[in-house]
Amino acid sequence: DPAAMRARCEDLRRDGLRLAVVPTMGALHEGHLTLLRAARAAADVVVLTIFVNPTQFGPSEDYARYPRTLEADAAGLAAHGCDLLYAPTVEEMYPYGVEAAVRMHVPRLGDTLCGAFRPGHFDGVATVVTRLLSMAQADLAIFGQKDYQQALVIRHLARDLALPGTIVVGPTVRESNGLAMS
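Worth saying up front: this structure is predicted, and the values here are computed from it rather than measured. (Residues numbered from 1 in each chain as written. Predicted model: local features only at pLDDT ≥ 70, side-chain atom pairs only at ≥ 80, totals over all residues. Heavy atoms only, no water.)

### Remarks on the overall build of the protein
1) Next: The helix and strand inventory of the protein stands at 7 helices and 5 strands.
2) Next: Start at the N end of the protein and walk to the C end: the helices and strands fall as α-β-α-β-α-β-α-α-α-β-α-β.
3) Next: By the compact-globule yardstick of 16 Å for 182 residues, the protein fits well, its C-alpha radius of gyration being 16 Å.
4) Next: When its C-alpha atoms are laid out on the principal axes, the protein stretches across 45 × 40 × 30 Å.
5) Next: By the burial criterion, 43% of the 182 residues in the protein qualify as buried.
6) Next: For the protein, restricting intrachain contacts to residue pairs at least 6 apart in sequence, the fraction spanning at least 24 positions comes to 78%.
7) Next: Accessible area of the protein: about 9,500 Å², with a carbon and sulfur share of 54%.
8) Next: Within the protein, one finds 17 positive and 20 negative side-chain charges whose respective centroids are separated by 5 Å. (Helix = DSSP H or I, 4+ residues; strand = E, 2+ residues; numbered from the N terminus. Rg over C-alpha atoms; globule rule 2.2 N^0.38 Å. Buried < 20%, exposed > 50% of the residue type's maximum accessible area, 1.4 Å probe, protein only. Contact = heavy atoms within 4.5 Å. Areas by Shrake-Rupley, 256 points an atom, 1.4 Å probe, with all protein chains shown as cover. Lys, Arg positive; Asp, Glu negative; His and termini not counted. Charge placed at Lys NZ, Arg CZ, Asp CG, Glu CD.)

Right, here's the structure in full:
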């Protein structure tokens, strides 16, 4: 739960350890593992989060069909440099319910390009990232460059709200045909 996550991270920081968090929605692939390895190289403790966030799905997008592979994702994470897996429930992340949740909005950056065709998507991203970063209070948070607009939104959000830690954007990992892994 969020309180336990926050307490564990506080204990680790109190011990003088450097923390990195890698937020994901699961269905892990080599792109995620690359971010995990980058976190391992930069920090003493690596936290990977898995949360399929309902607030970033639009009404015509199928949240229910998004792949949820938590058991498979969790298997072997330690071998890839993960020290702590945080996989909260929707009820834990949104204790008053999704409809009553406080939402973040990043003007301009979240409303153009992809955001113009997916209204509310980047509000959902900004909301869950704010929650995860405030819980972990990590020294760094590592995101993939695959979604360039998302990376810009998160950097803007973190700077504007003076969220703790540094936002690091890792390189895009591609399939053999050149398509970004997703």
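### With respect to the packing of aromatic side chains
1) Next: Enumeration over the complete set of coordinates arrives at 3 aromatic pairs.
2) Next: Centroid distance Phe51 to Tyr94: 6.2 Å. Interplanar angle 45°. Geometry classified as tilted. With Phe51 in the loop between β2 (45-50) and α3 (70-74) and Tyr94 in the loop between α4 (90-93) and α5 (114-117), the pair connects residues that are 43 residues apart, well separated along the chain.
3) Next: Geometrically, the ring pair formed by Phe57 and Tyr63 is edge-to-face, given 5.3 Å between the ring centres and 70° between the ring planes.
4) Next: What links up through ring pairs into an aromatic cluster is the set Phe57, Tyr63 and Tyr66.
5) Next: Lying over the aromatic face of Tyr63, Arg68 brings its terminal NZ or CZ to 4.5 Å of the ring centre. (Phe/Tyr/Trp six-rings, centres within 6.5 Å; stacked < 30°, edge-to-face > 60°. Lys NZ or Arg CZ within 6 Å of the ring centre and 35° of its normal.)

### Focus on the pattern of salt bridges
1) Next: As enumerated under the stated definition, the model contains 5 salt bridges in all.
2) Next: Put simply, Asp83 and Arg40 hold a salt bridge, and the shortest N to O gap is 3.0 Å. In this pair, Asp83 sits in the loop between α3 and β3 (84-86) while Arg40 sits in helix α2 (residues 30-42), placing the two residues 43 residues apart along the sequence. (Salt bridge = Lys/Arg side-chain N within 4 Å of Asp/Glu carboxyl O.)

### So, helix α7 (residues 148-160)
1) Next: Spanning 13 residues, α7 covers 18 Å between terminal C-alpha atoms, matching the ideal 18 Å at 1.5 Å per step.
2) Next: For α7, the full list of buried residues reads Gln149, Gln150, Ala151, Val153, Ile154, Leu157 and Ala158.
3) Next: Residues of α7 that are buried sit in contact with α5, α6 (121-136), β4 (140-144) and β5 (166-170).
4) Next: The residue sitting at the N-terminus of α7 and contributing the capping side-chain oxygen is Asp147; that oxygen lies 3.3 Å from the backbone nitrogen of Gln149.
5) Next: Trailing α7 by a residue or two, Ala162 shows a phi angle of about 55°, which is positive. (Expected span 1.5 Å × (residues − 1). Polar contact = N/O pair within 3.5 Å; in protein donor to acceptor, adjacent residues only side chain to side chain.)

### Focus on the packing of helix α1 (residues 2-14) against α6
1) Next: The contact between α1 and α6 brings their axes to 7 Å, and the two run at 45°. It follows from the interaxial angle that α1 and α6 lie oblique. Note on element contacts: α6 touches α1 through Ser134, Met135 and Ala136, opposite Pro2, Met5, Arg6, Cys9 and Arg13.
2) Next: Class assignment of the residues belonging to the contact of α1 with α6 gives a composition of 5 nonpolar, 1 polar and 2 charged. (Axes fitted to C-alpha atoms, helices over the stretch in contact; angles between N-to-C directions. Parallel < 35°, antiparallel > 145°, perpendicular 65-115°, else oblique. Nonpolar A, V, L, I, M, F, W, Y, C, P; charged D, E, K, R; others polar.)

So yeah, pure geometry; function would need other evidence.
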